[in-house]
Structure formats: structure tokens, C-alpha cells
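One-letter residues, chain by chain:
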Amino acid sequence: MIDAMSHSCIYVLNHDSAKAFYTEKLGFQVRADELMGDRFRWLTVGPAEQPDLEIILMEPGPPQHDPETEKQLRELIAKGAIGPGALSTGDCRKAYEVLSARGVTFLQEPAERPYGIEAVFRDDSGNWFSLTERRAFDPNKEWCFEPNPS
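Residues numbered from 1 in each chain as written. Predicted model: local features only at pLDDT ≥ 70, side-chain atom pairs only at ≥ 80, totals over all residues. Heavy atoms only, no water.

1. A word on helix H1 (residues 15–25)
The complete set of buried residues in H1 reads His15, Ala18, Phe21 and Tyr22. For H1, the arc enclosing every buried residue in end-on projection is 130°, short of the 170-degree limit, so these residues lie on one face. Turned more than 90 degrees away from the buried face of H1, the exposed residues are Asp16 and Glu24. Sitting at the amino-terminal end of H1 is asparagine 14, which places a side-chain oxygen 3.0 Å from the backbone nitrogen of aspartate 16. Backbone geometry just after H1 places glycine 27 at a positive phi near 85°. (Buried < 20%, exposed > 50% of the residue type's maximum accessible area, 1.4 Å probe, protein only. Helix = DSSP H or I, 4+ residues; strand = E, 2+ residues; numbered from the N terminus. Arc of directions from axis to C-beta. Polar contact = N/O pair within 3.5 Å; in protein donor to acceptor, adjacent residues only side chain to side chain.)

2. Some points on the pattern of salt bridges
Counting across every chain of the model gives nine salt bridges. Note that lysine 71 and glutamate 75 form a salt bridge whose closest N and O atoms lie 2.9 Å from each other. With lysine 71 and glutamate 75 both in helix H2 (residues 67–79) and four residues apart, the pair spans about one turn of that helix. When salt bridges that share partners are traced, they join Asp16, Lys19, Asp33 and Arg41 into one network. (Salt bridge = Lys/Arg side-chain N within 4 Å of Asp/Glu carboxyl O.)

3. Observations regarding the packing of aromatic side chains
One pass over the structure, following the stated rule, counts seven aromatic pairs. Ring geometry for tyrosine 22 versus phenylalanine 129: centroids 6.4 Å apart, planes at 75°, classification edge-to-face. Here phenylalanine 129 lies in strand S8 (residues 128–134) and tyrosine 22 lies in helix H1, a separation of 107 residues in the sequence. An angle of 20° between the planes, with centres 5.3 Å apart, marks the rings of phenylalanine 121 and phenylalanine 129 as stacked. Residues phenylalanine 121 and phenylalanine 129 agree in their burial class; the two are buried. (Phe/Tyr/Trp six-rings, centres within 6.5 Å; stacked < 30°, edge-to-face > 60°.)

4. Thoughts on the sheet that holds strand S6 (residues 105–113)
Here four strands make up an open sheet; going across it, the order is S5-S8-S7-S6 and the pairing mixed. Every interior strand has two partners, whereas the edge strands, strand S5 (85–88) and S6, have only one. Going across the sheet, the axis of each strand differs from the next one's by a mean of 25°, ignoring polarity. In this structure, S6 lies alongside strand S7 (residues 116–122), joined through six bridges in antiparallel fashion. Pairing of alanine 111 across the sheet is with glutamate 118, part of S7. (Pairing = 2+ DSSP bridges. Axes fitted to C-alpha atoms, helices over the stretch in contact; angles between N-to-C directions.)

5. Things to note about the confidence of the model for the chain
In this model, the chain carries a mean pLDDT of 90, and residues with pLDDT of at least 70 account for 90%. Overall, residues 145–150 carries pLDDT values under 50, and its contacts beyond four positions in sequence, including any with other chains, amount to zero contacts. (pLDDT = per-residue confidence, 0-100. Contact = heavy atoms within 4.5 Å.)

6. Here we look at the sheet that holds strand S3 (residues 40–46)
Strand order across the open sheet formed by four strands is S1-S4-S3-S2, with mixed pairing between neighbours. Whereas interior strands pair on both sides, the edge strands pair on one side only; in this sheet they are strand S1 (7–11) and strand S2 (29–36). Averaged over all neighbouring strand pairs, the angle between strand axes comes to 25°, with direction disregarded. In this structure, S3 lies alongside strand S4 (residues 54–58), joined through two bridges in antiparallel fashion. The residue of S4 that forms the bridge with threonine 44 is isoleucine 56.

Structural data, given as C-alpha cells:
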């Protein structure tokens, strides 16, 4: 059966600038950077603390995408319409200060949420991420949303 997720994909507008953003600003490590054939670059990064995860930085284009799909994907990425997800931190406020000093653009400063402290930032391509310091789960406090009544 399935043991774990090993790779996840984030579409970026430019491999070189994304590589610099994820390594120099976020502090991720390059896991792979290989040219496969003459048109396909396999570029993966990941947090040092999570060596078993590779985030594929995928630039739209051949051979996976025809020209129209590539154009549509690039427009959606630049608009921030494709939000990749959440990144975890033990101290959201400190991470916000460090990342801001490195030039990361934040859309929302750290704020208390029912699930913890969250800030939201964009990468250099336009993708947005939740940077979350999660609260420890308390079974005596219900913070989940109620199901929609039918």
C-alpha cells in the first residue's frame, strides 16, 4: 500500500528565479536539478527538516503542455489563482520576521486563528502559501466547522 507522499508539484514561472527564491529566501535545499533531454528540467527542493519530501518546481511548457495550456497556466500562476498549500513552522512570528527581512512578500501578517497563528505569503511566481504555527489539538475544545445542515 501507499506509505507516504514523496513528491508534490508547484508550478513556477521560471526555474532559475524559483530555485533562488526557495533556497535563498525560504532556506530550502536543492534535492535534484537535472536536465532530461533538451527540454525538460527536473528541479526539486525541500525543507532540511523534511528530507523525505521533494517539491517539484515545474515550469509549464513542453513536453507536458501544449502552447495554449502553457499560456493558461502561466496566467493563473501569475494571478495567484493556484494556491499550493500550507507550510508549517514552530514560530510563525519569528519566521515572518526572518522571511520578511529576506524579501519575501507577505499578503497577511501573523494573526491568531482558531487553528493557530497564520501568515500568508507569495513566492516569486505568484503562488501563495499559508505559513502556520499550529495549536496543539485540545479534544475539549471544538474548533472545527459544523457540517452543513441538509
